[in-house]
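Below are the chains, spelled out letter by letter.
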Amino acid sequence: MDTPAAPVTVTVTGAAGQIGYALLFRIASGAMLGPEVPVRLRLLEVPAAARAAEGTVLELMDCAFPLVAGLDVFDDPAKAFDGANVGLLVGARPRGPGMERADLLAANGGIFSVQGRAINDGAAGDFKAVVVGNPANTNALIAASHAPDVPASRFTAMTRLDHDRAVAQLAAKTGAPVSAIRKVAIWGNHSASQYPDITHATVDGGPATDLVDQSWIAGEFIPRVAKRGAEIISVRGGSSAASAANAAIAHMRLWVHGTRAGDWTSMAVPSDGSYGVPEGLVSSFPVTTAAGDYNIVQGLDISVFARGRIDASVAELASERDAVKGLGLV
Ligand code: NAD
Ligand code: LMR
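All of these numbers come straight from a predicted model, not from anything done at the bench.

Regarding the overall build of the protein chain
Part 1 of the argument: On a plain count of helices and strands, the protein chain comes out with ten helices and 14 strands.
Part 2 of the argument: Here the C-alpha atoms of the protein chain give a radius of gyration of 19 Å, agreeing with the 20 Å that 2.2 N^0.38 yields for 330 residues.
Part 3 of the argument: Seen along its three principal axes, the alpha-carbon backbone of the protein chain occupies a region of about 55 × 50 × 40 Å.
Part 4 of the argument: A total of 330 residues make up the protein chain; the buried ones form 45% of that total.
Part 5 of the argument: Within the protein chain, residue pairs in contact and separated by at least 24 positions form 73% of the contacts whose partners lie at least 6 positions apart.

Considering the site of ligand 1
Part 1 of the argument: Close to ligand 1 lie 28 residues, the nearest being Gly14, Gly17, Ile19, Gly91 and Ala92.
Part 2 of the argument: The element best represented in the shell around ligand 1 is helix α1 (residues 18-29), accounting for three residues.
Part 3 of the argument: Taken together, the residues of the shell around ligand 1 sort by class into 15 nonpolar, eleven polar and two charged.
Part 4 of the argument: Residue contributions to the shell around ligand 1 reach at least three from each of two domains, namely domain 1 (8-157) and domain 2 (160-320).

Looking at the domain arrangement of the protein chain
Part 1 of the argument: In terms of domains, the protein chain is made up of domain 1 (8-157) and domain 2 (160-320).
Part 2 of the argument: In this structure, domain 1 and domain 2 have C-alpha centres spaced 23 Å apart.
Part 3 of the argument: Every contact between the two is made by 27 residues of domain 1 and, on the other side, 23 residues of domain 2.
Part 4 of the argument: If you list the elements that add at least two residues to the side of domain 1 that touches domain 2, you get α1, β4 (86-89), β5 (128-131), α5 (136-145) and β6 (155-157).
Part 5 of the argument: Of the residues that constitute the side of domain 1 that touches domain 2, the class distribution is 19 nonpolar, six polar and two charged.

Regarding the pairing of β4
Part 1 of the argument: Residues of β4 alternate between two faces, with Val86 and Leu88 on one and Gly87 and Leu89 on the opposite face, all of them buried.
Part 2 of the argument: The sheet contact formed by strand β1 (residues 8-13) and β4 spans four bridges and is parallel. Opposite threonine 13, over in β4, you have leucine 89 as the bridge partner.
Part 3 of the argument: Pairing geometry for β4 and β5, over four bridges, is parallel. Within β5, the position partnered with glycine 87 by the bridge is alanine 129.

Quick word on the nonpolar core
Part 1 of the argument: Counting 92 residues, the largest nonpolar core has Val12, Val130, Val131, Val132, Ala140, Ala143 and Ala248 as the members making the most contacts within it.
Part 2 of the argument: Top contributing element to this core by residue count: helix α9 (residues 242-257), with eight residues.
Part 3 of the argument: Looking at which domains feed residues into this core, each of domain 1 (8-157) and domain 2 (160-320) supplies at least three.

Description of helix α6 (residues 160-174)
Part 1 of the argument: For α6, spanning 15 residues, the distance from its first C-alpha to its last is 21 Å, which sits close to the expected 21 Å at 1.5 Å a residue.
Part 2 of the argument: Looking only at α6, the buried set comprises Arg160, Leu161, Asp162, His163, Asp164, Arg165, Ala166, Val167, Gln169 and Leu170.
Part 3 of the argument: A positive backbone phi angle near 80° is found at glycine 175, which sits one or two residues after α6.

As for the confidence of the model for the protein chain
Part 1 of the argument: Confidence in the prediction of the protein chain, expressed as mean pLDDT, is 96, and 99% of residues score 70 or more.
Part 2 of the argument: Looking over the protein chain, one finds the lowest element-wise mean pLDDT in helix α4 (residues 101-122), namely 91, and the highest in strand β8 (residues 185-187), namely 99.
Part 3 of the argument: Model confidence for the complex: the whole-complex pTM is 0.97, and ipTM, which rates the interface, is 0.99.

Things to note about the UniProt feature "domain: Lactate/malate dehydrogenase C-terminal" (unreviewed entry) in the protein chain
Part 1 of the argument: In the UniProt entry, the feature "domain: Lactate/malate dehydrogenase C-terminal" (unreviewed entry) is given for residues 159-323.
Part 2 of the argument: What you have in residues 159-323 is 44% helix and 19% strand, and the ends, taken at the C-alpha atoms, are 22 Å apart.

Quick notes on the rules
Residues numbered from 1 in each chain as written. Chains lettered and ligands numbered in written order. Predicted model: local features only at pLDDT ≥ 70, side-chain atom pairs only at ≥ 80, totals over all residues. Helix = DSSP H or I, 4+ residues; strand = E, 2+ residues; numbered from the N terminus. Rg over C-alpha atoms; globule rule 2.2 N^0.38 Å. Buried ≥ 20, exposed ≤ 12 C-beta atoms within 10 Å, placed from the backbone. Contact = placed C-beta atoms within 7 Å. Near = placed C-beta within 6 Å. Nonpolar A, V, L, I, M, F, W, Y, C, P; charged D, E, K, R; others polar. Domains from an automatic or database assignment. Pairing = 2+ DSSP bridges. Core = buried A, V, L, I, M, F, W, Y, C linked by C-beta atoms within 7 Å. Expected span 1.5 Å × (residues − 1). pLDDT = per-residue confidence, 0-100. UniProt positions renumbered as here; feature names shortened; annotations may be inferred.

Encoded structure:
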């Protein structure tokens, strides 16, 4: 008889928010770590929202998920991250009326520095985090820089939603099923400056660029994907939630279980200097994953057009890093 897998402790911050609600039930069902892996869920919220998170726990109980090995709500990051193997850092302060970007960076800096310290002091040795809360790349940088004992490579930010959006747009344009598409890439920041790239993408094994022209790529595809978050907010009246939760699950599932042969995913990871992105900036790259590790895909040709787009997004990341440095947060 097979030995049952040991439970994995998963900490979700912002658990009472929109994305948290869309995320928790799927993690509990096994969609993220697999149908054989029990999960201990630790939900972190601010004190004012802890009761709402308790309400979600009541519903999680009522699902009687066989994989759930624990359900706890915390308003103290030190307790929430104690023993955590996986962190989904969703909770963040949204931009309010009259708030400048620097105000948002400062407000979130307070959140992610405290959580980084809690992770440093209490998380398990194999801890891995995906930051979803915006500005996700820079929040990941802040958390990592407050966790000196945890390899910075374990702090990643989510661009899988942008990746999925790019796949969906390419599928809609070419009439191919999404399952026929491989090697779409997102470069840079999770913001409107990102570079969604189909230069290396294939559709049914052939080059995607044989099926679409450059004017569609530059004039429709890139702005549609890069500004999709704003489009959702305007049409839905609220920011993406279920699609963001789905992407967070895919990000972590792929990191833990690996990308399929002949494909990659997009993840914002601390740069090792690849493709001229300054070391340490948390920037999106195409990555392959296997058995809990990831590697930035090397050796891709970068056209003059791509270079300009990547450089612009990386410059934005550098300015965010400088802003939080100025605030003493990294
Ligand atoms: P939401 O406002 O519905 O929920 C956020 C939750 O976080 C709230 O319940 C709040 O109480 C909680 N929170 C705030 N500070 C916290 C802290 N210090 N500790 C724990 N919890 C805290 O927002 P949402 O729709 O769930 O979105 C969450 C974040 O995800 C936002 O920053 C949003 O911009 C971002 N987002 C990112 C992507 C992406 O692709 N990276 C996509 C969609 C949304
Ligand atoms: C998204 O991409 O849907 C989110 O980051 C929300 C936003 O502000 O764009």
